[in-house]
Amino acid sequence: MNHFLEISQLPRQQIESLLHRALEFKQQERYPSYSQHAVVNLFYEDSTRTRVSFEMAANHLSMPVINLDLQNSSENKGEIIEDTVKTLAAMGIHYFVIRHKQEGLQQQLANTLGNAIHIVNAGDGTHAHPSQAILDMMTIMEQNPQLDQLKITVLGNIKHSRVANSFQSICNKLGVGELVLVAPPIWQPQSLDYGRVTDDLVDGLTDADVVICLRVQRERLLETEHLDLESYRRDFALTQKSLAYAKPSVMVMHPGPMNRGVEIDSDVADGKHSFILEQVSNGVYARMAVFESLILN
Amino acid sequence: MNHFLEISQLPRQQIESLLHRALEFKQQERYPSYSQHAVVNLFYEDSTRTRVSFEMAANHLSMPVINLDLQNSSENKGEIIEDTVKTLAAMGIHYFVIRHKQEGLQQQLANTLGNAIHIVNAGDGTHAHPSQAILDMMTIMEQNPQLDQLKITVLGNIKHSRVANSFQSICNKLGVGELVLVAPPIWQPQSLDYGRVTDDLVDGLTDADVVICLRVQRERLLETEHLDLESYRRDFALTQKSLAYAKPSVMVMHPGPMNRGVEIDSDVADGKHSFILEQVSNGVYARMAVFESLILN
Amino acid sequence: MNHFLEISQLPRQQIESLLHRALEFKQQERYPSYSQHAVVNLFYEDSTRTRVSFEMAANHLSMPVINLDLQNSSENKGEIIEDTVKTLAAMGIHYFVIRHKQEGLQQQLANTLGNAIHIVNAGDGTHAHPSQAILDMMTIMEQNPQLDQLKITVLGNIKHSRVANSFQSICNKLGVGELVLVAPPIWQPQSLDYGRVTDDLVDGLTDADVVICLRVQRERLLETEHLDLESYRRDFALTQKSLAYAKPSVMVMHPGPMNRGVEIDSDVADGKHSFILEQVSNGVYARMAVFESLILN
């Protein structure tokens, strides 16, 4: 693995190997040291949680980390991102964790730059967020290793969600039994990589083993004439009431940050079914597995 | 000690133990390594000096440090601070150095969150700044160990000063002989934890062993109809002339950053009585003692 | 060497020693550890590349690094920079890498502060950028060690370029054979430290061994009534066509970040004559040599 760009590009065996290694890291007290391999976090979009998760993963592996505040970067002087990456690579940094609002930017960089540069996609627009898919699946498999027997439901703004996209890909690769994507019509995507789409929350939640609730961005609601917060809450919010349709053992997940009282109620987010903080914990191990796989490639 | 929130909450013995340990660290060449214990600096208010002091303290103890630029945090996406703390804790960070303009915020978090999370109050509004009190008292005791025989004067905007509040508490706990708080009437607090208040600078400074001069925020002066810079200077500034009322061995202290020529003159700030840079040096050792006490609790 | 402020202040032997040590570092796999010596990057002007280069240099030497976002610094509260430096020094940080728009600021600090504080000038206004001169000359000498036989041309806004200033000084100190500075009349300096100035690009490029192309700041072009982008391109841009006047072995250099299609064409910047990324790589070693020289002084 030279880059980590999108789940759909990886062979099933590679994905399984990442999941296996992440679970292994979780059991360990001490980790290998890759102190010769510096990482830069190039975040062109804000993100506390993802940036810190990658930083903690790098810390555990003794990798030096450079954080760049892109407000202050030479980008602002007109230098193109490719030159930024090449410049940092010339300084001896070969691992680039990049988040950017432009879809496919990381792919484009990977196509242009040489093999010595390793790019990790930490989110590109509404396209992909592959490390999130690894940590989500890791969290599910810890509880339910038999993926072909599961019904998993993803709930929210499917159309604009890179989390939903990467998750579809990993379900496809690993053969999840049933994947249901629940969204209001205006937020349903035109095509799917895997699963089926519905606007019927009861259909989606009934007998679900796992529910992944996506963040509803208030800005998106404001863009939309046909949807307001109240009607979204009524038809799509994850509440104790709606969750009752799912299996008694249902896992509740959310990529965070949550809008409590919007897409999810606090008693669900903090309730006994919630694996939301477990996802966060697993994210560090998942990203350690990604880094190590790039280093040992 | 599970949190470090406010001096008034700590038993006298705990405070003495922190002071003792800080002075010990100051004598040492090498420090213990707590590399398994990551710290996050969550600064919702700007502060170079306090943030860097905690960062240096953590560095000396080999604790990994994550700095969060809260302008870019998920706070901005509506996630509440409690979720931010829980999320970071789930990533394996258990020491939270928090500065926030809201009084009692750190206390409120400590009440809600579990024992695995350790909160250090690095300043909450006008309420408390307990690590400043430790470093202030450490600096005083290095020169004057007999606290019950001292006259200490704090000078400035007592009403809005978290530094003055925490300092009153530590004087109370440790039994300082005499504490005088000098402020113009509009900046006098309604109640005191310890000491007496006056608007007479000569009264405050006469035979003082220690003078702590507080920063005068120009914004506060502008808010006030009854006080201008010139009259503040005339009645309350620490100058060579006003300092002459104090003992010949008087210590001059200031929490920084100073407004030279406002609350303190440069020849006093840089003069032979000044322990202002000694306070800064001691701050690192004081914060090391705080971290260690939380780790070994 | 107690500070690293300006090439013209250093004896020739010191400069040669820095170049020699930088080239030695480049050959090494492991570096000495100076983990007791903390560095702070005080950047009052934005710069990704220079800041990260100093950070990587410090990392290689195991020096702890504190990065300060000066937007959030106590500067904003009126504290003068000298107090900031003294405060950080009191915390145990003795190496200050400072970039500031005010010319001579670093010199002024060095004059005031004691010997325990070591200041590295990372660029002061249009005045000096001495570490850039070391890395530039290091890159040239790797290819052409006989400096007295070289024709080197610097091209661009000579008048406002700290890179050009420091480069003149190093050429002067080391006795470069011929230095030609090419600029439109309005961007020619009133006096030179070394070399000759012309507005004739052909004169400058003919038989040149090295061409250093400076960044053209669009803002500077907009300030000027007598120069527009098109006429600058026609008379001064480094293109395949203009480069043909130089020697077949010509080295193309640029301090970065580049404005591709403005002062330099992409086929030149990325072509076989380009040593632009080599400059970036060498910058880390040059800065390691600077740090070590200050530590061992």
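The structure contained in this document is the topic of the report that follows. Note that this is a predicted model, so its numbers are computed, not measured. (Residues numbered from 1 in each chain as written. Chains lettered and ligands numbered in written order. Predicted model: local features only at pLDDT ≥ 70, side-chain atom pairs only at ≥ 80, totals over all residues.)

Some details on the relation of the copies chain A and chain C
Rules: Residues below a pLDDT of 70 in either copy are left out; the C-alpha atoms of the rest, at least 70 in both, set the least-squares superposition of the copies. C-beta atoms are first placed from the backbone for all residues, and any pair lying within 7 Å is then listed as a contact.
It takes a turn of 120 degrees to lay chain A on chain C, together with a shift of 0.1 Å along the axis; the resulting RMSD is 0.0 Å. Each copy turns onto its partner about a three-fold axis. By C-alpha distance to the rotation axis, the residue of chain A lying nearest is A:Asp69, at 5.4 Å. In this assembly the copies use different faces: only 5% of the residues contributing to the interface of chain A also contribute to that of chain C.

Regarding the sheet that holds strand 6 (residues 178-182) of chain B
Strand pairing in a sheet takes place through backbone hydrogen bonds and is either antiparallel or parallel in direction. Residues and elements named next belong to chain B. For clarity, the cut-off: At least two bridges found by DSSP between two strands are what make those strands a pair. Numbering of helices and strands runs from the N terminus; a helix is a DSSP stretch of H or I covering at least four residues, while a strand is a stretch of E covering at least two. Orientation is described by axes fitted as lines to C-alpha atoms, over the contacting stretch for helices, and by angles from 0 to 180 degrees between their N-to-C directions.
Taken in spatial order, the five strands line up as 7-6-5-8-9 in an open sheet, and their pairing is parallel. Either end of the sheet is taken by a strand with one partner, and the two such strands are strand 7 (196-198) and strand 9 (251-253). Each strand axis lies, on average, 20 degrees off the axis of its neighbour in the sheet, ignoring direction. Looking at chain direction, strand 5 (residues 151-155) and strand 8 (residues 210-213) are connected through four bridges and run parallel. Considered in strand 8, the bridge of Val-154 is made with Ile-212.

Considerations on the interface of chain A and chain C
Our working definition: Each residue receives one of three labels: charged for Asp, Glu, Lys and Arg, nonpolar for Ala, Val, Leu, Ile, Met, Phe, Trp, Tyr, Cys and Pro, and polar for the others, Gly being one of them.
Each partner contributes residues to the interface: chain A has 19 residues there, and chain C has 17 residues. Breaking the side of chain A that touches chain C down by element, the ones donating at least two residues are strand 2 (65-69) and helix 3 (81-90) of chain A. In terms of residue count, helix 3 of chain A provides more of the side of chain A that touches chain C than any other element does, six residues in total. Residues of the side of chain A that touches chain C, tallied by class, amount to six nonpolar, eight polar and five charged.

A short note on the interface of chain A and chain B
The interface is formed by 17 residues belonging to chain A together with 19 residues belonging to chain B. The set of elements that each furnish at least two residues to the side of chain A that touches chain B consists of helix 2 (48-60) and helix 12 (276-295) of chain A. The element best represented in the side of chain A that touches chain B is helix 2 of chain A, accounting for seven residues. In the side of chain A that touches chain B, the residues fall into seven nonpolar, six polar and four charged.

Regarding the pairing of strand 6 of chain B
Residues and elements named next belong to chain B. Rules: Burial is judged by counting the other C-beta atoms within 10 Å of a residue's own C-beta: 20 or more makes it buried, 12 or fewer makes it exposed, and any count in between marks it as partly exposed, with every C-beta position built from the backbone. Every crossover in which the path from the first strand over the helix to the second runs clockwise, viewed with the strands pointing away from the viewer, is termed right-handed.
Counting buried residues in strand 6 gives four out of five residues, a clear majority hidden from the surface. In this structure, strand 5 lies alongside strand 6, joined through five bridges in parallel fashion. Along strand 6, the bridge assignment pairs Leu-155 with Val-182. A crossover links strand 5 with its parallel partner strand 6, the connecting element being helix 6 (residues 162-174), and its sense is right-handed. Inspection of the sheet shows strand 6 paired to strand 7 by three bridges, in the parallel sense.

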